[in-house]
Amino acid sequence: MTTAEAAPAKKSSPKPGLSPFCNNIIGKSSSICKVFSLIEKVQDTDSTVLIQGESGTGKELIARALHFGGDRGNKPFVPVNCGAIPAELLESELFGHEKGAFTHAIRTRIGRFEMADGGTVFLDEIAEMSPVLQVKLLRVLQEKSFERVGGAKTISSDFRVIAATNRDLAEEVRNGNFREDLYYRLTVIPIESPPLRDRKSDIPLLLEAFLKRFCVTKKRVITGVDDDALECLKRYQWPGNVRELENMVERMVILAAGEVITMEDLPPQLLNTPAPANSPTIAEIPETDFCLSEIVADYERKLIVRALQQTGWVKNRAAKLLKVNRTTLLEKMKRHGVDKSVGN
Ligand SMILES: Nc1ncnc2c1ncn2[C@@H]1O[C@H](COP(=O)(O)OP(=O)(O)OP(=O)(O)O)[C@@H](O)[C@H]1O
Ligand SMILES: [Mg+2]
């Protein structure tokens with residue numbers, strides 16, 4: 001993307017008190033709600049924001065919500081992918097150049113900082129910026145003025161900077177790859193974009209929204225996801241975060257055998273996810289519909305079934321595996337309705 005973007009149409013806000021642009025960020029887990037409240041607090045300021053988080057967690061969505069929901073929302077949003085533009089071109093992309101500044105500079109061109117006057121420059125993948133440009137960026141952030149490449153005239157522009165990275169920038173500073181002074185200048189307002197595995201309670205909502213969208217765009221009818229498949233989706237660790245989920249839903253909508261997504265429709269990497277063993281990873285506790293005793297009972301039942309399957313339904317061995325008395329195991333099997341003849 002090389003040009004400034006106009007404001008998208010505002011939708012009505014079903015998230016009470018939040019800017020309509022937060023609606024593009026689906027979720028109601030406590031960690032994503034913290035992000036919403038930060039967006040609300042800082043969107044109308046011109047303070048520099050650094051968004052950090054793993055790839056595919058929605059950093060760009062957060063940047064757009066900040067810009068389009070704030071005072072600068074009807075001014076340009078100018079994204080720059082610092083990792084995708086070769087270092088030698090990035091300087092003239094950001095600052096512009098004068099005619100004749102270098103071999104192919106046949107005419108004067110304004111840079112992204114000038115383009116973003118009144119609006120926002122989104123510096124994506126900021127950790128990839130070369131040390132030479134890091135120095136120049138620091139100066140621009142402090143003075144809000146710069147010269148085009150090959151030019152002598154000082155140009156002023158009123159832009160806000162939102163930067164993003166999927167690296168740990170503090171770690172990059174410690175390793176000598178990123179300037180400490182620039183790091184502090186960028187992290188005036190830090191926002192952490194949480195990984196999907198830490199907000200699994202958002203999976204049903206995301207699934208629903210992606211299913212709805214892809215059913216329309218791919219002209220398919222999928223009514224939902226069955227319980228086993230949903231459990232599998234929740235158990236998976238989502239290394240590619242929301243982007244991985246979004247792409248997976250697109251594929252499943254196109255390839256699903258029936259109108260409901262089942263285990264058969266899930267890709268192999270999900271089916272290979274081991275069931276939680278000794279200590280389950282503790283997912284985030286949802287605000288509603290949470291009942292400790294039900295969850296513990298459900299987990300106990302699954303461990304008993306697993307132990308019985310593993311030992312060929314020999315109860316003595318299963319009891320040993322679980323380190324409980326045989327009578328305790330029998331009593332628990334009865335309580336949980338575990339019976340080989342009915343499949344579990
Ligand atoms: N909470 C969310 N609700 C809806 N869609 C989301 C959400 N988070 C991410 N997405 C979608 O996932 C995809 C990746 O999001 P985005 O590009 O914002 O991630 P990113 O953190 O910038 O990733 P990268 O570090 O790889 O650039 C996009 O298609 C985006 O629309
Ligand atoms: Mg991104």
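Residues numbered from 1 in each chain as written. Chains lettered and ligands numbered in written order. Predicted model: local features only at pLDDT ≥ 70, side-chain atom pairs only at ≥ 80, totals over all residues.

Caption draft 1: Representation of the nonpolar core within the structure. Ranked by internal contacts, the top residues of the largest apolar core, which has 41 residues, are Ile62 and Val121. Looking at this core, the elements with two or more residues in it are helix H1 (30-42), strand S1 (49-52), helix H2 (59-69), strand S2 (77-81), helix H3 (87-95), strand S5 (120-124), strand S8 (160-165) and helix H7 (180-186). When residues of this core are assigned to their parent elements, the largest contribution, five residues, is made by H2. Residues in contact with isoleucine 62, not counting those within four places in the same chain, are Ile25, Val35, Ile39, Ile51, Ile191 and Ser193. Leu196, Leu233, Tyr236 and Met248 belong to the second-largest nonpolar core, a separate cluster that totals 18 residues. (Core = buried A, V, L, I, M, F, W, Y, C linked by C-beta atoms within 7 Å. Buried ≥ 20, exposed ≤ 12 C-beta atoms within 10 Å, placed from the backbone. Helix = DSSP H or I, 4+ residues; strand = E, 2+ residues; numbered from the N terminus. Contact = placed C-beta atoms within 7 Å.)

Caption draft 2: Summary view of the sheet that holds S2. Taken together, five strands build an open sheet; the order of strands is S2-S5-S8-S1-S9 and the sheet is parallel. The strands lining the two open edges of the sheet, one partner per strand, are S2 and strand S9 (189-192). Strand-to-strand twist of the sheet, defined as the mean angle between neighbouring strand axes without regard to direction, takes the value 20 degrees. Across five bridges, the pairing between S2 and S5 is parallel. (Pairing = 2+ DSSP bridges. Axes fitted to C-alpha atoms, helices over the stretch in contact; angles between N-to-C directions.)

Caption draft 3: How the structure looks around the environment of valine 49. Structurally, valine 49 is set in strand S1. Taking the C-alpha atoms as reference, valine 49 lies 35 Å from aspartate 289; in sequence the two are 240 residues apart. With residues up to four places along the chain from it excluded, the contact list for valine 49 reads Val42, Leu66, Ile162, Ile189 and Ile191.

Caption draft 4: Structural context of the domain arrangement of the chain. Taken domain by domain, the chain consists of domain 1 (20-194), domain 2 (197-271) and domain 3 (292-342). Here the C-alpha centre of domain 3 lies 55 Å away from the C-alpha centre of domain 1. (Domains from an automatic or database assignment.)

Caption draft 5: A look at the pairing of S8. For S8, the tally of buried residues reaches six of six residues, placing the bulk of the element in the interior. Residue alternation in S8 divides its side chains into two sets, Arg160, Ile162 and Ala164 and Val161, Ala163 and Thr165, and both sets are buried. Here S1 runs beside S8; their pairing, made up of four bridges, is parallel. Note that in S8 the partner of glutamine 52 across the bridge is threonine 165.

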